[in-house]
Amino acid sequence: KAGVTQTPRYLIKTRGQQVTLSCSPISGHRSVSWYQQTPGQGLQFLFEYFSETQRNKGNFPGRFSGRQFSNSRSEMNVSTLELGDSALYLCASSLDTPGSGANVLTFGAGSRLTVL
Amino acid sequence: GESVGLHLPTLSVQEGDNSIINCAYSNSASDYFIWYKQESGKGPQFIIDIRSNMDKRQGQRVTVLLNKTVKHLSLQIAATQPGDSAVYFCAENAGNNRKLIWGLGTSLAVNP
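Here goes a summary of the coordinates provided.

Reading guide: rules and limits
Residues numbered from 1 in each chain as written. Chains lettered and ligands numbered in written order. Predicted model: local features only at pLDDT ≥ 70, side-chain atom pairs only at ≥ 80, totals over all residues. Heavy atoms only, no water. Helix = DSSP H or I, 4+ residues; strand = E, 2+ residues; numbered from the N terminus. Buried < 20%, exposed > 50% of the residue type's maximum accessible area, 1.4 Å probe, protein only. Contact = heavy atoms within 4.5 Å. Areas by Shrake-Rupley, 256 points an atom, 1.4 Å probe, with all protein chains shown as cover. Lys, Arg positive; Asp, Glu negative; His and termini not counted. Charge placed at Lys NZ, Arg CZ, Asp CG, Glu CD. Salt bridge = Lys/Arg side-chain N within 4 Å of Asp/Glu carboxyl O. Polar contact = N/O pair within 3.5 Å; in protein donor to acceptor, adjacent residues only side chain to side chain. Nonpolar A, V, L, I, M, F, W, Y, C, P; charged D, E, K, R; others polar.

## A few points about the overall build of chain B
- For chain B, the count of helices and strands is 0 helices and 11 strands.
- Here chain B, with 112 residues, has 42% of them falling under the buried criterion.
- For chain B, long-range pairs separated by at least 24 residues make up 50% of all intrachain contacts whose partners lie at least 6 apart in sequence.

The structure is reproduced here in structure tokens:
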């Protein structure tokens, strides 16, 4: 079965622009989580969606937002980009809420965002 | 070879040796722990998990040990292979908010 698909894989933006990243989870997975990964901070949790509802949110400013569609596909948006937003953005899906013990996260390959 | 995940982010071992990657977790209420492996250019990949009611769990060539007394988690890889070269992350979950808390990772380099 197909894995988690993230698009685009690479993108370059300039400060002040906005960006939308897309994630298609594994078929049947209802939970989608987003992470920001940088060399200095490691994996930072952004938010988690389950059945189109945001279940959990990390400590990121309001410029970072997301949504989930009825088919479980998810998008995240970053507005007014800053240089510090340059990172690898990872999406992960699971059958149910991550961390439950019975449903591990399956990650996509990520979208690498560079802000100039 | 051994490493402490947050204090020695790079571990270098010879092919065929056993590797031990350590992780100190923060929350004594955490009841679920998980190890992921991330190869260059890829997303993290699940290796093994363990619940707090266990102190050891084995997989294929990997063993996770949990010491709740000192809040310590380790991943042992037997007969390390070049394909094991990656960054290894531990993560904990306290169960209340269901969010995983991730370590910064340990880079494992396997020398042929």
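## Concerning the overall build of chain A
- Tallying secondary structure elements over chain A gives 0 helices and 11 strands in all.
- Going from the N terminus to the C terminus, chain A shows its helices and strands as β-β-β-β-β-β-β-β-β-β-β.
- C-alpha atoms of chain A, sized along the principal axes, occupy 40 × 25 × 25 Å.
- Expressed as a percentage of its 116 residues, the buried residues of chain A come to 50%.
- Of the contacts formed within chain A by residues at least 6 apart in sequence, a portion of 55% connects residues at least 24 apart.
- Surface summary for chain A: the accessible area is close to 5300 Å², and the carbon and sulfur share equals 48%.
- Charged side chains of chain A number 11 positive and 6 negative; the gap between the two group centres comes to 5 Å.

## Focus: the pattern of salt bridges
Residue and element names in this part refer to chain B.
- According to the stated counting rule, one finds 8 salt bridges over all chains in the structure shown.
- When the shortest N-O distance is used, the salt bridge between R57 and D49 registers 2.3 Å.
- On the basis of relative accessibility, which here comes to 36%, the residue R57 falls in the partly exposed class.
- The salt bridge involving D84 is made with R61; its shortest N-O contact spans 2.9 Å.

## What about the interface of chain A and chain B?
- In this assembly, 23 residues from chain A lie in contact with 19 residues from chain B.
- Where chain A meets chain B, there are 0 salt bridges.
- Viewed at the interface, chain B and chain A are joined by 3 residue pairs in polar contact (both at pLDDT 80 or more).
- Listing elements by their share of the side of chain A that touches chain B, those giving two or more residues are strand 4 (31-38), strand 5 (42-50), strand 6 (53-57) and strand 9 (87-94) of chain A.
- Counting residues per element, the side of chain A that touches chain B draws most heavily on strand 5 of chain A, at 3 residues.
- Classifying every residue of the side of chain A that touches chain B gives 10 nonpolar, 11 polar and 2 charged.

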